Amino acid sequence: MKIISASDYGSMSRKAANIISAQVILFPDSVLGLATGATPSGIYRQLIDWYQKGDIDFSKTHTVNLDEYCGLPSDNRQSYHYYMHSNFFDQVNIPEENINIPNGIAGDIDSECGRYDKLIAELGGIDLQILGIGNTGHIGFNEPDESFDKTTHCVKLKEKTIEANSKFFESPDQVPKYAITVGIKAIMQAKKLLLVANGSEKAEILYRSLFGPITPSIPASILQLHPDVTVIATEDVLVQIRKNKPDAIFERVLRRD
Ligand code: GLP
């Protein structure tokens, strides 16, 4: 695992966008696993900028988004469909037919989950998976659980997640209680993982995920078993971790700006 320190949010976003851009330049037909939330939006802005300058071409790229709220149609401003189109897809040249996001309003959610796993398999898996981290330790919407073995599934969101994500809604009551998420299995089968974390409130959960015991009660802790993980965290996250948990392992893996 590589941990890269970024001086601020802009730097975190550019470093992550550089890694994604290198992937697409080297392998234009890559399958990118994409994430939503506040953290990756700066990455998308940077990629759009490089696309507009002619530095990057997404015409052969496929995308697979991690998750979607249940019950929100794609034109709902809080849906992840809307987020992805307005923050990224509408401004770059990924062919519409190469874009994949779970359908949160599918009549039969179980068959939608099966369809999504099948399409990931047919694409040959994910080449580079972008991840944020939720304050329950969730990746995608894989909430604390009793095992790591779920494929794409419908998940009941934890209260803590609903509260955190209510920043995007008018009130916590409006946050859907369920979501469809790609499972830990597809994430762990991705060839490369890139996790971004911004803001000191992520320090505790990031530390427990990367250096604590591997347990499904902290879903992101499974990442310790992946052979190719890069974490890019803002300096305030890393300072906070170091202050609370001076730890030799942490110092060894840390790469500074
Ligand atoms: C949501 C998404 C996750 C994301 C998390 C953290 O729950 N499903 O993929 O990592 O939020 O989001 P933020 O970046 O806003 O803290």
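Structure's up top.
What comes next concerns the included structure. (Residues numbered from 1 in each chain as written. Predicted model: local features only at pLDDT ≥ 70, side-chain atom pairs only at ≥ 80, totals over all residues. Heavy atoms only, no water.)

1. Some words on helix 2 (residues 41–52)
And step 1. Over its 12 residues, helix 2 extends 17 Å from the first C-alpha to the last, a length consistent with the 16 Å expected when each residue adds 1.5 Å.
And step 2. Regarding helix 2, the residues found buried are Ser-41, Gly-42, Ile-43, Tyr-44, Gln-46, Leu-47, Ile-48 and Trp-50.
And step 3. Summarising the contacts, the buried residues of helix 2 are in contact with helix 1 (9–26), strand 2 (31–34), helix 3 (80–87), strand 6 (128–131) and strand 9 (192–197).
And step 4. Following helix 2 by one or two positions, Gly-54 has its phi on the positive side, about 85°. (Helix = DSSP H or I, 4+ residues; strand = E, 2+ residues; numbered from the N terminus. Expected span 1.5 Å × (residues − 1). Buried < 20%, exposed > 50% of the residue type's maximum accessible area, 1.4 Å probe, protein only. Contact = heavy atoms within 4.5 Å.)

2. Details of the site of the ligand
And step 1. In the vicinity of the ligand there are 14 residues, among which Ala-38, Thr-39, Asp-67, His-138 and Lys-202 approach most closely.
And step 2. Asp-67 is positioned such that a nitrogen or oxygen atom in its side chain is 2.8 Å from a nitrogen atom of the ligand.
And step 3. Burial of the ligand by the protein amounts to 95% of the accessible area it has alone, namely 390 Å².
And step 4. At a threshold of 2 Å from the grid points, most atoms of the ligand map onto the largest pocket.
And step 5. For the shell around the ligand, the per-class residue count stands at four nonpolar, seven polar and three charged. (Near = heavy atom within 4 Å. Polar contact = N/O pair within 3.5 Å; in protein donor to acceptor, adjacent residues only side chain to side chain. Areas by Shrake-Rupley, 256 points an atom, 1.4 Å probe, with all protein chains shown as cover. 1 Å grid on protein atoms, 1.4 Å probe; cavity = no way out; pocket = protein on both sides within 12 Å on 5 of 7 lines; lining within 4 Å. Sits in = over half its atoms within 2 Å of the grid points. Nonpolar A, V, L, I, M, F, W, Y, C, P; charged D, E, K, R; others polar.)

3. A few points about helix 8 (residues 235–244)
And step 1. Those residues of helix 8 lying buried are Val-237, Leu-238 and Ile-241. Buried residues along helix 8 cover an arc of 90° about the axis, so they all sit on one side. (Arc of directions from axis to C-beta.)

4. Some words on the packing of aromatic side chains
And step 1. Tallied over the entire structure, the rule returns 10 aromatic pairs.
And step 2. Considering the side-chain rings of Tyr-44 and Tyr-83, the 6.4 Å spacing of their centres and the 75° angle between planes classify their relative orientation as edge-to-face. Highlighted residues: Tyr-44 in helix 2 and Tyr-83 in helix 3, separated in sequence by 39 residues. Like Tyr-83, Tyr-44 is buried.
And step 3. Aromatic side chains Tyr-69 and Tyr-80 sit 4.8 Å apart centroid to centroid with 40° between the ring planes, which places their arrangement in the tilted category. With Tyr-69 in strand 4 (residues 67–69) and Tyr-80 in helix 3, this residue pair connects regions lying 11 residues apart in the sequence. (Phe/Tyr/Trp six-rings, centres within 6.5 Å; stacked < 30°, edge-to-face > 60°.)

5. Examining the nonpolar core
And step 1. Ranked by internal contacts, the top residues of the largest apolar core, which has 36 residues, are Ile-139, Leu-206 and Leu-223.
And step 2. Elements that contribute at least two residues to this core include exactly helix 4 (109–122), helix 6 (184–189), strand 9, helix 7 (203–211), strand 10 (229–234) and helix 8.
And step 3. The greatest single-element share of this core, amounting to six residues, is contributed by helix 7.
And step 4. With residues near it in sequence (within four places) discarded, Leu-206 still touches Ile-133, Leu-195, Ala-197, Val-231, Ala-233, Val-237 and Ile-241.
And step 5. Core analysis: the second largest hydrophobic core is formed by 28 residues, Ala-16, Tyr-44, Phe-88 and Ile-101 among them. (Core = buried A, V, L, I, M, F, W, Y, C linked by side-chain atoms within 4.5 Å.)

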